[in-house]
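Summary of the model geometry
Each chain, written out:
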Amino acid sequence: MRILVTGGAGFIGANFIHFILKKVSGVDIVNFDKLTYAGNLENLTEFEKNPRYTFVKGDILNAEQVDHTISKYEIDGIIHFAAESHVDRSILGPLVFTETNVIGTQVLLEAARKHKIKRYLQISTDEVYGSLGAEGLFHETTPLAPNSPYSASKASADMLVRAYVHTFDLPAVMTRCSNNYGPYQFPEKLIPLMIINALNNKPLPVYGDGMNVRDWIHVEDHNRGVWDVFEKGKIGEHYNLGGIAEKPNIEIVKFILNHLGKDESQIKYVKDRPGHDKRYAMDVSYIKQELGWEPKIKFEEGLASTIDWYLANKTWWERILSGDYQNYFQANYKDRV
Ligand code: NAD
Ligand code: TYD
């Protein structure tokens, strides 16, 4: 079987390709990625000569490129990771989020329909459900109530997938996952940003009071679930995935400093993110009951090994920091201090 993975040079997509090529037999991968600021082929160097792996530089907004790639490689299934994925960037410049996440998904759905793709998996997020108060969990039945331009674009894409299943019988399934962490995550997201700033003796910018809560899942647990849903999920269904590890941001920041033997005086409370969702938490009982999936990696162990990965892979992130990253960092943090 040959699968088109979109966004395979990004954080979760690259980890997914590692998972498939190392742990699953009989599946070849075509990685279709535009290589935006978040796409990095260094995440996949070990597969460059692997006959099961092909890289195609392409844009999901370009229907011709998508069509051509599907035909040329006789694609059986699509797993759609590609997206603009960072909430803060969606506040600084929302249009590209609608273009990539909504129109890009539409282009892929149309191609999947035209080429009679046997299986399509949409990678979505818990953020489409909005924000929780102190109590409760997101269930698959929780109404969509996205609050950021990022989550609104992801929710819109989810609605298109639903429509293609309902109207065209597209054999699509969907996963909605909580916050991922692990190797190869771009250092704009909380965990890698804090690790790298701590190592570079820079301030650790905590938004608001640091008491916003996210549910954290190791990317390997997420990707195992993605594969379970791709293989065994029911057409038209969406499945919540999460790590069952709710943490206030400040606790994570302190854990990182402590693990690195750094002082908490590096923490800097800064102006809050506009519209900052208070709390995300997932009910994962449906996927456990239906497909037998549950997260396995304990948060403290996963976070410690992730910190150690960043310690061991300094050249990977130093190259990122030396590029356009500085412009983004300046734009996002300049008015917060
Ligand atoms: P990422 O930003 O690290 O990677 C995105 C990838 O998509 C990059 O390789 C980029 O080059 C590629 N891409 C962007 N626009 C493209 C286009 N027009 N055509 C082709 N490729 C394009 O993102 P990530 O954190 O790996 O997230 C992957 C998916 O998982 C996204 O759909 C995201 O919404 C979803 N998700 C992420 C998280 C998380 O915690 N990171 C949680 C739940 C769901
Ligand atoms: P992030 O990694 O951007 O993921 P998301 O917003 O999609 O959940 O942020 C995770 C949490 O960390 C969120 O509550 C915002 C907070 N945060 C900070 O406090 N400081 C930062 O510099 C960043 C990037 C995030």
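Now for a quick tour of the structure. The structure presented is a predicted model; accordingly, all values stated were derived computationally and were not measured.

1. What about the packing of helix α10 (residues 299-312) against helix α11 (residues 314-321)?
- Between α10 and α11, whose axes approach to 5 Å, the crossing angle comes to 75°. Here α11 runs roughly perpendicular to α10, going by the angle between their axes. The residues of α11 that touch α10, namely those facing Trp309, Tyr310, Leu311 and Ala312, are Lys314, Trp316 and Trp317.
- Class assignment for the residues of the contact of α10 with α11 results in 6 nonpolar, no polar and 1 charged.

2. Focus on the site of ligand 1
- If you check the shell around ligand 1, you find 29 residues, and the closest are Ile12, Asp33, Ser85, Tyr150 and Lys154.
- Within the side chain of Tyr150, a nitrogen or oxygen atom sits 2.6 Å from an oxygen atom of ligand 1.
- Within the side chain of Lys154, an N or O atom sits 2.7 Å from an oxygen atom of ligand 1.
- Notes on ligand 1: free accessible area 840 Å², of which the protein chains cover 97%.
- Sorting the residues of the shell around ligand 1 by element identifies α1 (11-23), β5 (119-125), α5 (149-168) and β7 (179-181) as the ones contributing at least two each.
- Per element, the largest residue contribution to the shell around ligand 1 is 3 residues, and it comes from β5.
- A class-by-class count of the residues in the shell around ligand 1 yields 12 nonpolar, 12 polar and 5 charged.

3. Thoughts on the site of ligand 2
- In the vicinity of ligand 2 there are 20 residues, among which Glu127, Arg214, Arg273, His276 and Tyr333 approach most closely.
- Here an oxygen atom of ligand 2 sits 2.8 Å away from a polar atom, N or O, in the main chain of Tyr207.
- Take Tyr333: an N or O atom from its side chain is 2.6 Å from an oxygen atom of ligand 2.
- When ligand 2 is considered free in solution it has 510 Å² of accessible area, and contact with the protein chains removes 98% of it.
- Those elements giving two or more residues to the shell around ligand 2 turn out to be α3 (87-92), α6 (190-199) and β8 (204-207).
- Partitioned by chemical class, the residues of the shell around ligand 2 number 9 nonpolar, 5 polar and 6 charged.

4. Notes on the sheet that holds strand β9 (residues 213-218)
- In space, the 3 strands of this open sheet follow the order β7-β9-β11, with mixed pairing throughout. The open sheet has two edge strands with one neighbour each: β7 and β11 (246-248). Strand-to-strand twist across the sheet, computed as the mean angle between neighbouring axes with direction ignored, equals 50°.
- Bridge count for β9 against β11 is 3 bridges, and the pairing is antiparallel. Paired with Asp215 across the two strands is Glu246, which belongs to β11.
- Together, β7 and β9 form the strand contacts of helix α7 (residues 219-232), whose direction differs from that of β9 by roughly 70°.

5. Thoughts on the sheet that holds strand β10 (residues 238-241)
- As summarised here, the arrangement of the 7 strands in space is β3-β2-β1-β4-β5-β6-β10, forming an open sheet in which the pairing is parallel. Since the sheet does not close on itself, it has two edges, and those belong to β3 (53-57) and β10, each with one partner. Direction aside, neighbouring strands of the sheet carry axes that sit 20° apart on average.
- Looking at chain direction, strand β2 (residues 28-33) and β3 are connected through 5 bridges and run parallel. Each bridged residue has a counterpart across the sheet, and for Phe32 the counterpart in β3 is Val56.
- Strands in contact with α1 are β1 (2-6), β2, β3 and β4 (77-80); relative to β2, the strand with the most contacts, it is inclined by about 165°.
- Across the sheet, helix α2 (residues 63-72) touches β1, β2, β3 and β4, and the angle it forms with β2 is around 170°.

6. So, α5
- Over its 20 residues, α5 extends 28 Å from the first C-alpha to the last, a length consistent with the 28 Å expected when each residue adds 1.5 Å.
- If you check which residues of α5 are buried, you get Tyr150, Ser151, Ser153, Lys154, Ala155, Ala157, Asp158, Leu160, Val161, Tyr164 and Val165.
- Summarising the contacts, the buried residues of α5 are in contact with α3, α4 (95-114), β5 and β6 (172-177).
- A positive backbone phi angle near 55° is found at Asp169, which sits one or two residues after α5.

Analysis parameters
Residues numbered from 1 in each chain as written. Chains lettered and ligands numbered in written order. Predicted model: local features only at pLDDT ≥ 70, side-chain atom pairs only at ≥ 80, totals over all residues. Heavy atoms only, no water. Axes fitted to C-alpha atoms, helices over the stretch in contact; angles between N-to-C directions. Helix = DSSP H or I, 4+ residues; strand = E, 2+ residues; numbered from the N terminus. Parallel < 35°, antiparallel > 145°, perpendicular 65-115°, else oblique. Contact = heavy atoms within 4.5 Å. Nonpolar A, V, L, I, M, F, W, Y, C, P; charged D, E, K, R; others polar. Near = heavy atom within 4 Å. Polar contact = N/O pair within 3.5 Å; in protein donor to acceptor, adjacent residues only side chain to side chain. Areas by Shrake-Rupley, 256 points an atom, 1.4 Å probe, with all protein chains shown as cover. Pairing = 2+ DSSP bridges. Expected span 1.5 Å × (residues − 1). Buried < 20%, exposed > 50% of the residue type's maximum accessible area, 1.4 Å probe, protein only.

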